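The primary structure of each chain is shown beneath.
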Amino acid sequence: MKKMALNMAIVAAVLLALVWTVPAQAEPIVVGNEPISRPLFDPYFEFSEFDYTNIAAVDYMNAIPQNGQLTSFQYYALNTNPFFFFLVDGSFNVQWVSEEITPPGTGSNAYAPANPIPVQSGWTLGAYLMSTGTIPFDLSGGSAVVYLYNEPLPTVGAAFAYEGFSNRTYSFSATLATEEPQPGQTVEVTVVKYLDGKRETLPNPEQARQ
């Protein structure tokens, strides 16, 4: 018994119960508006003396609700004129600009970036339309869009110095992938120590009773 107690004091196989939280993919969240046909498009001439092109619009009423990654963008195209998507943060600083997007055809379309776009809660999605409006809108948004006319493409790191507000609802959205924790999982791990280069373990229950 003394020998066995000494061995147990020097080397032991210790069973540890470890609990950790494993991230799990949550259900994707769609941020924005349904990509459907709408009656209006840019340039929208409320007053005939204004000639608007190179239009940037940000849908600030549909801010990204939590951190995650944007995996795809959905939009409705009235034509195949190229355009860009971009993202601004809560202070209206530009955080990301897409490559030039050319719709493959009219109607509902999707754009998938080469890599998911990391985003933070409070960021908002915008579109930059270089010529006759590719993406249609209606006037049901209740001051849902801030806009910029006749200006160059927004650049990352620059402030989006918008000119005004509008009640437009544009036909574009994005798919947000997030992670949420699963309940903790308990796993038993055996930690084995060595004495003089030889592996030592606790005696089995039958040996302990001798």
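So, a few notes on the structure that sits alongside this text. (Residues numbered from 1 in each chain as written. Predicted model: local features only at pLDDT ≥ 70, side-chain atom pairs only at ≥ 80, totals over all residues. Heavy atoms only, no water.)

**Regarding the side chain of Thr 134**
- With respect to the helices and strands, Thr 134 occurs in the loop between β10 (124-129) and β11 (137-138).
- The class for Thr 134 is buried, based on a relative accessible area of 1%.
- Within the structure, the side chain of Thr 134 is placed 3.4 Å from the side chain of Asn 79, a separation counted as a polar contact.
- Setting aside residues up to four positions removed in sequence, Thr 134 forms contacts with Tyr 76, Ala 77, Leu 78, Asn 79, Asn 81, Pro 82, Phe 83, Pro 103 and Leu 129. (Helix = DSSP H or I, 4+ residues; strand = E, 2+ residues; numbered from the N terminus. Buried < 20%, exposed > 50% of the residue type's maximum accessible area, 1.4 Å probe, protein only. Polar contact = N/O pair within 3.5 Å; in protein donor to acceptor, adjacent residues only side chain to side chain. Contact = heavy atoms within 4.5 Å.)

**Looking at the pattern of salt bridges**
- Taken as a whole and assessed by the stated rule, the structure comprises two salt bridges.
- Between Arg 38 and Asp 138 there is a salt bridge, with its nearest N and O atoms 2.9 Å apart. A residue pair is termed long-range when its members are at least 10 positions apart, and Arg 38 in the loop between β3 (29-32) and β4 (55-59) and Asp 138 in strand β11 qualify at 100 residues. Just as Arg 38 is buried, Asp 138 falls in that class too. (Salt bridge = Lys/Arg side-chain N within 4 Å of Asp/Glu carboxyl O.)

**Quick look at the nonpolar core**
- Leu 70, Tyr 75, Phe 85, Leu 87, Ile 135 and Tyr 170 are the most contacted members of the largest nonpolar core, which totals 30 residues.
- Mapped onto this core, the elements with two or more residues apiece are β4, β5 (68-77), β6 (83-88), β9 (117-119), β10, β12 (145-148) and β15 (172-177).
- Ranked by the residues each element gives to this core, the list is headed by β5, at four residues.
- Counting eleven residues, the second largest nonpolar core, distinct from the first, contains Ala 56, Phe 92, Tyr 128 and Val 146. (Core = buried A, V, L, I, M, F, W, Y, C linked by side-chain atoms within 4.5 Å.)

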